[in-house]
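# Breakdown of the fold
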Amino acid sequence: DLRWYVDTILKLISISGDHVSDAIWHRVVQIVTNHPQGDLQAYTAATLLVAASPRRCHETAVRVASYILGEFGFLIAERPGMSGEEQFRILHQHWPTSDNKTRAILVSTYAKLANLYEECRPLVAPVFARCTNNVDVEIQQRAAEYSSMREAFSPEAVEDLLREMPPFEDNKQSALEQRLREKEGDNSAAVQKAARPSIAERKRAAQSAATVKAVEEVAAQAQQEEEEGLIEVDPVSPMSDGSPGTLKKDKSAKVGIPKEVIPAMRKAFSNLCTSPSGVLFENALLQVGVKHEYVGAQGRISVFFGNLGKTPLTHFRAIIEEVDHLRIQKQGTQGLLDEEEDGGCDVSVRTQAKLLLIVEVTAPFDDAPAMRVTFHTEDGEIHEYPLRLPVVATCFMEPVTLEPGAFMQRWRSLEGQERECQEVVKAPPNAPPIDEEYMKRISTIVTDGLKFGRCPGCDPTPWTVSGAATFRTGAKDMNGNNINVGCLVRVEANPQAGAFRVTTRTLHPLCSKAVKNVALVSIKLA
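Report on the accompanying structure. Note that the structure is a prediction, hence the values are computed from the model and not measured.

### Observations concerning the nonpolar core
With 140 residues, the main nonpolar core has Phe305, Phe316, Met371, Leu387, Phe396, Phe471 and Phe500 as its most contacted residues. For this core, the leading source of residues is helix α6 (residues 100-116), giving nine residues.

Here it is as structure tokens:
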């Protein structure tokens, strides 16, 4: 709905911009600023950059594009053709034809671009130098203040001054209500009608209530099934929060994973989340090996099922969970992917069945896809092993290197409970004291394991490791560009307490949670 609103207002500006009041585009800014969740801010920034690209562009569009790119342009700076330098050039082409009101907004945007991107500073400096003698007092004052800001204040103070604006108060009445109150009074029928929720608002409220009710019913049903013994605990806990998952089990007797194997399974899964190959599961009968590699939003996962027993394994099947956030193409040994219980393939002694998965991520996620392995032994036992594939959000990261100023600007812009995840973890009991060598291992975890780029100059002490990355997806926005999520991580050590604090900040809550959990598990194994 909000994307539609942005597109509609932009179309309105392009058709009859002379008749679009400042209150209209101010409302666009307010809505975009007050909705950090999702990708509305990045979508609006990209849409307005495209709209401002032609040399002939209505001045109202230039104003709203200037404001939005100054606030949220950093969200799209890693996309092709949308770097900070490109944003400056696209906006500055409108400078000669803009009035003083628009130029004042542009000056503020230039200051923010110069603060974020080193390459923009030599482009912005001559503009500020010329504007310090401008006949318009507002432009002159802004240019003079911005150009002398770095000499008068510390870098931290400059970052605070040029950070994005806080959310607007959203308790204002609409223009229609305000005019009706002025004309007819507070108690008129027209005012009361305008103040009533719209049909769409009532529909959304009803849907929310129905969703809450459905969740409560599902929870009650799950509790009842658990009490009746129809649910078993998933021995490999998801990466989301470390809590056990639940899987429906057949009432017929099946041999599951022995409890003594579960700790080794969890450690193997955690290792595979940050390494390209290894053993996912092993017992006296079966060994499951995984080899996986990723480029951007796509991955290739090879799974090998080896028979370690002394007799063949029959009706061998691997059932992969279908999830909304992954497009999965599957191929394997004939019969391996059969869904019928009497299907499957035979795995002879000391041979393997093979499974190949081609995956593409389409949305942020914080859980690993499930894989259920079932087979029959020669004595008639049915074995069923619920496993998790080590396909986690950090597999789809691409490292990004940021200058200290750009890193801190983005770090502060991503403050808030929905964007930040933080947790303290103790170093393993048998780990050596936390020293500079230990921190080098943590740095390797961040760069090689989590696929984050180190940000030189961002760490004030040897006990801090900071990194940046982009979570790549195969989903497309309205302009045909891939939807990506910028991610930041910071690991801070406390040598005296033998502990680490992991903080992640991203635009999407699931990304923040996923990166934090993989980082915690990796530090425990360091």
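### Some points on the packing of aromatic side chains
Throughout the structure, instances matching the rule amount to 13 aromatic pairs. Look at Tyr294 and Phe396: their rings are 5.2 Å apart centre to centre, the planes differ by 75 degrees, and that puts the pair in the edge-to-face class. In this pair, Tyr294 is assigned in strand β4 (residues 286-295) and Phe396 in the loop between β11 (382-388) and β12 (397-400), connecting sequence segments 102 residues apart. On the basis of relative accessible area, Phe396 is assigned to the buried category, the value being 0%. Pairing Phe316 with Phe375 gives two aromatic rings, centres 5.5 Å apart and planes at 10 degrees, and the pair type is stacked. Of this pair, Phe316 sits in strand β6 (residues 313-320) while Phe375 sits in strand β10 (residues 370-376), and the two are 59 residues apart along the sequence. Of the two residues, Phe316 and Phe375, both sit in the buried class. An aromatic cluster of three or more residues is present, and its members are Phe281, Phe305, Phe316, Phe375 and Tyr385.

### Topic: a negative patch on the surface
Taken together, Glu339, Glu340, Glu341 and Asp342 make up a surface patch of like negative charges. Tracing the chain through its elements places Glu339 in the loop between β7 (326-332) and β8 (345-347).

### Overview of helix α2 (residues 22-33)
In a regular helix each residue adds 1.5 Å, so 12 residues correspond to 16 Å; α2 covers 16 Å between its end C-alpha atoms and thus fits that length. Buried within α2 are the following residues: Trp25, Val28, Val29, Gln30, Ile31, Val32 and Thr33.

### Description of the packing of helix α5 (residues 84-92) against helix α7 (residues 121-131)
Packing of α5 against α7 leaves a shortest axis separation of 11 Å and a crossing angle of 35 degrees. Contacts from Glu85, Phe88, Arg89 and His92 of α5 reach α7 at Leu123, Val124, Val127 and Arg130.

About the thresholds
- Residues numbered from 1 in each chain as written.
- Predicted model: local features only at pLDDT ≥ 70, side-chain atom pairs only at ≥ 80, totals over all residues.
- Heavy atoms only, no water.
- Core = buried A, V, L, I, M, F, W, Y, C linked by side-chain atoms within 4.5 Å.
- Buried < 20%, exposed > 50% of the residue type's maximum accessible area, 1.4 Å probe, protein only.
- Helix = DSSP H or I, 4+ residues; strand = E, 2+ residues; numbered from the N terminus.
- Phe/Tyr/Trp six-rings, centres within 6.5 Å; stacked < 30°, edge-to-face > 60°.
- Patch = residues over 30% accessible without salt bridge, like charges linked within 9 Å, V, L, I, M, F, W, Y side chains within 5 Å.
- Areas by Shrake-Rupley, 256 points an atom, 1.4 Å probe, with all protein chains shown as cover.
- Salt bridge = Lys/Arg side-chain N within 4 Å of Asp/Glu carboxyl O.
- Lys, Arg positive; Asp, Glu negative; His and termini not counted.
- Charge placed at Lys NZ, Arg CZ, Asp CG, Glu CD.
- Expected span 1.5 Å × (residues − 1).
- Axes fitted to C-alpha atoms, helices over the stretch in contact; angles between N-to-C directions.
- Contact = heavy atoms within 4.5 Å.

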